[in-house]
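Structural overview
So you can see what is in the structure, the chains are spelled out below.
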Amino acid sequence: MQPNDLERIARQIRLRDLQAVVEAGAGHIGGEMSAIDILTALYFRVLRVWPDQPKHPERDRFVLSKGHVALALYVTLAKRGFLPEAEISTFLKPHSRLNGHPNCTKVPGVETNTGPLGHGLPVAVGMAKAAKLTGASYHTYVMTGDGEMQEGSNWEAISSAAQFGLNNLTLVIDHNRFQQGAALKDTNNLAPFPPKLAAFGWDVTEINGNAMDEIVPALEKRGARPHCIVAHTNKGHGISFMQDTVDWHHKVPNAEQYRIALAELSEAI
Amino acid sequence: MNAVTNPARLHDCRDAFVATLERLGAENPRIVAVCNDSVGSSKLGGFKAKFPDRLVNVGIAEQNMVGVGAGLANGGLLPFVCGASCFLTGRSLEQIKADIAYSNANVKLVGISAGMAYGELGPTHHSTEDFAWTRVIPNLAVIAPCDSVETAAAVEWAAAHEGPVFLRLSRVGVPDLLPAGHRFELGRANVLRDGDAVTLIANGTLTHRMLKAAELLAADGIEARVLNMATVRPIDVAAIVAAAEATGCILTAEEHSVYGGLGSAIAEVVVDHAPVPMKILGVPGIFVPTGSAEFLLDEFGMSPAGVAEAAKALIARKRRG
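Residues numbered from 1 in each chain as written. Chains lettered and ligands numbered in written order. Predicted model: local features only at pLDDT ≥ 70, side-chain atom pairs only at ≥ 80, totals over all residues. Heavy atoms only, no water.

**Observations regarding the overall build of chain B**
Stated formally: Only runs of H or I of at least four residues qualify as helices and only runs of E of at least two qualify as strands under DSSP, and these elements are numbered from the N terminus. Here the globule rule is a power law, 2.2 Å times the number of residues to the power 0.38, and the radius of gyration is based on C-alpha atoms. In this scheme, a residue with accessible area under 20% of its type's maximum is buried, one over 50% is exposed, and one in between is partly exposed, where area comes from a 1.4 Å probe on protein chains only. Here, residues are in contact when the closest pair of their heavy atoms is within 4.5 Å. Values of accessible area rely on a 1.4 Å probe in the Shrake-Rupley scheme; residue burial ignores everything except the protein chains shown. In this count, Lys and Arg are taken as positive residues and Asp and Glu as negative ones, while His and the chain termini are left out. The atoms used to mark charge sites are NZ of Lys, CZ of Arg, CG of Asp and CD of Glu.
Counting its secondary structure elements, chain B contains 12 helices and 14 strands. Against the compact-globule benchmark of 20 Å for 321 residues, chain B has a radius of gyration of 19 Å, which places it among compact chains. Expressed along its principal axes, the backbone C-alpha trace of chain B runs to roughly 60 × 40 × 40 Å. When each of the 321 residues of chain B is scored for burial, the buried share is 63%. Of the contacts made within chain B by residues no fewer than 6 positions apart, 77% connect residues no fewer than 24 positions apart. Put simply, chain B shows about 11500 Å² of open surface, and 53% of that area lies on carbon and sulfur atoms. Seen as two clouds, the 27 positive and the 33 negative side-chain charges of chain B have centres 1 Å apart.

Here's what the structure looks like:
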């Protein structure tokens, strides 16, 4: 699949995500838009997965640690064939298996339950360590938010990944520079991330996380150490009025905003 | 007064735990041990010597330890995640909830030196809240074996069981109570002694004290039923209802706060199914003074004589109606 195809798929996922947020009247649209290009590259190019065998032992693992953008994962999984695309319309509805945070016991393709922040990376370290112990060839990917890196458990995991020599682990930090309440820099500014990860013994690559031709090679990079991709992204990417505004962490577009957003995303397709 | 009659016959249940783990580990290469620098206190030195690659020590980082355990299970391994119960449960409760129980990860959590086993080290190192914290989490089996026989049986059961388990162990010596070859059944209490005046229910380090108390009561002509109830979740409803109906009152004792533990779990059943007078013995909701576990249990009325006295008062309440 070529970068142009991936960009087209990413736009389709953005459009479905936007529609679902409006239909459900809730969601975390800003962080979904920032992460969708990376999710698309993972599921349509990089990950070795079999949607009809979601528990295949040799499948690559992906953990969405920033579980609040579950909708973006659901839309991506549905488009990749893990669940019916029509089911997206049940998002947040009573008894839907698609609640606000992903549930691995109900949704095929979800590896572990996330929602509370700082959980995905330790679990991903365990997955990668298991592959080292069993000789399995799968690769483990995990995506965190940049604000999420304020959770101390992540740094416990980062340290142990280096200690265990987990060169089969890739961490993607979705560095959209905003957390729920404010900008990262005005809250607890961990940026710049690269020297911190390097100090813990990781390889680090900085990319534009909304540019497919930078995302794919970074995800496919292999080395001798655990790999962190610091993905510089835009919160709300693809929808002009949402970009880089803290308000759009979990706001829902009104009718006029929805019309504009639909037009922008549709035009791009 | 101390419950112990023959100290030479007391066993540290950690020994039965690691002996069983090492035996199962030789048969099943999927078994791994995960710890937080607690190789010594979890007695994992033998496991490490036998299977050096399968001892995953994450260092002093309990949140990471539990998350790593979930990931190892996702990768097809069978992790026994070991740490002092106070840190394993208290520090990583959210990981236990989200990564293990809610995710249905096939992980066995082993809380070592639970209750007041760390004695004089004080309340930071005591784990007298862990029943309360863990038993409210759905999909998590909570088990506190009473002796080395039951510990070995519970470890064997846990390894064969597909799903999350919290095994709560002490380091305080206890005599063997259950017969060799005993098989553990989740949610099934064992009747260790029968009687009709009162039922004494306990688990862990308290079961043998209950038996001793029953002997003291028998000397006064009072026959007590004694139940060993290792499983706190799922609780054995049938055994509790049968005890309430047969003896008309229930006394519980545990190395845990009186709030939210075994006694509370039993009281929930009693209130719902068979209301009878009850007395819950345990740590009375305080940060305890300095002392060994044995001293503190006696101090809080859980010596055999203390239990017998509380049982007599409870029986009097029952008779008053």
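So that's the structure; there's more coming.
**Notes on the nonpolar core**
The condition that has to hold: Remark: nonpolar core denotes a set of buried residues (Ala, Val, Leu, Ile, Met, Phe, Trp, Tyr, Cys) joined through side-chain atoms within 4.5 Å. Each domain span listed reflects an automatic or database assignment of domains.
If you look at the biggest cluster of nonpolar residues, it comprises 74 residues, and the most contacted ones within it are L109, M229 and I266 of chain B. Here the element with the most residues in this core is helix 4 (residues 120–134) of chain A; it accounts for 8 residues. Each of domain 1 (11–175) and domain 2 (190–320) of chain B accounts for three or more of the residues forming this core. The residues contacting L109 of chain B, other than those within four sequence positions of it, are V66, V81, L88, I96, I100, L140, V165, F166 and L167 of chain B. Counting residues in hydrophobic clusters, the runner-up holds 56 residues, among them F62, F82, V107 and A231 of chain A.

**Points about the domain arrangement of chain B**
Residue and element names in this part refer to chain B. Test applied: Defined here as a combined quantity, buried area equals the accessible surface (1.4 Å probe) lost by two parts on assembly, summed across both. Salt bridges are defined as contacts in which a side-chain nitrogen from Lys or Arg sits within 4 Å of a carboxyl oxygen from Asp or Glu. Whenever two N or O atoms come within 3.5 Å, that pair is a polar contact, provided that in protein one can donate a hydrogen and the other can accept it, and provided that, for residues adjacent in sequence, both atoms are side-chain atoms. Throughout, the ten residues Ala, Val, Leu, Ile, Met, Phe, Trp, Tyr, Cys and Pro are labelled nonpolar, Asp, Glu, Lys and Arg are labelled charged, and all others, Gly among them, are labelled polar.
Per the domain assignment, the segments of chain B are domain 1 (11–175) and domain 2 (190–320). A separation of 26 Å is found between the C-alpha centroids of domain 1 and domain 2. The interface is formed by 33 residues belonging to domain 1 together with 33 residues belonging to domain 2. Both sides of the domain 1 and domain 2 interface together cover about 2300 Å² of buried area, and 60% of this is carbon and sulfur. Counting across the interface, domain 1 meets domain 2 through 1 salt bridge. E268 is the partner of R135 in a salt bridge, and the nearest nitrogen-oxygen pair spans 2.7 Å. Counting the contacts that link domain 1 with domain 2 gives 19 residue pairs in polar contact (both at pLDDT 80 or more). Contributions of two or more residues to the side of domain 1 that touches domain 2 are made by helix 6 (130–135), strand 6 (141–143) and strand 8 (174–175). In terms of residue count, the dominant contributor to the side of domain 1 that touches domain 2 is helix 6 (4 residues). Looking at the side of domain 1 that touches domain 2 residue by residue, the class counts come to 19 nonpolar, 8 polar and 6 charged.

**Regarding the pairing of strand 5 (residues 108–112) of chain B**
Residue and element names in this part refer to chain B. Formally: Being paired, for any two strands, means DSSP has found at least two bridges between them.
Among the 5 residues in strand 5, 5 count as buried, and that is most of the element. Residues K108, V110 and I112 line one face of strand 5 and the alternating positions L109 and G111 line the opposite face, and both faces are buried. In the sheet, strand 4 (residues 78–84) pairs with strand 5 via 5 bridges, with the strands oriented parallel. For C82, the partnering residue across the bridge sits in strand 5 and is V110.

**Regarding the environment of R177 of chain A**
Residues and elements named next belong to chain A. Looking at where R177 falls in the secondary structure, it is placed in the loop between strand 3 (169–175) and helix 6 (194–199). Residues R177 and N189, 12 residues apart in the sequence, show an inter-C-alpha distance of 9.3 Å. Once residues within four sequence positions are removed from consideration, R177 is found in contact with D146, A183, L184, T233, N234 and D244. Here D244 takes part through its side chain, which lies 2.9 Å from a polar atom of the side chain of R177.

**Concerning the packing of helix 1 (residues 3–24) of chain A against helix 3 (residues 70–80) of chain A**
Residues and elements named next belong to chain A. This is how it is decided: Between N-to-C directions, angles cover 0 to 180 degrees, with each direction set by a line fitted to C-alpha atoms, over the stretch in contact for helices. An angle below 35 degrees is treated as roughly parallel, one above 145 as roughly antiparallel, one from 65 to 115 as roughly perpendicular, and anything else as oblique. Handedness of each helix crossing follows the sense of rotation of the near helix against the far helix: counterclockwise by less than a right angle gives left-handed, clockwise gives right-handed.
With their axes 9 Å apart at the nearest point, helix 1 and helix 3 run at an angle of 125° to one another. In this view, helix 1 runs oblique relative to helix 3, as classed from their interaxial angle. Both helix 1 and helix 3 take part in a crossing whose hand is right-handed. Counting all contacts with helix 1, which are made through I9, Q12, I13, R16, D17, A20 and V21, the residues of helix 3 involved are L71, A72, V75, T76 and K79. Here the residues of the contact of helix 1 with helix 3 are counted per class, giving 7 nonpolar, 2 polar and 3 charged.

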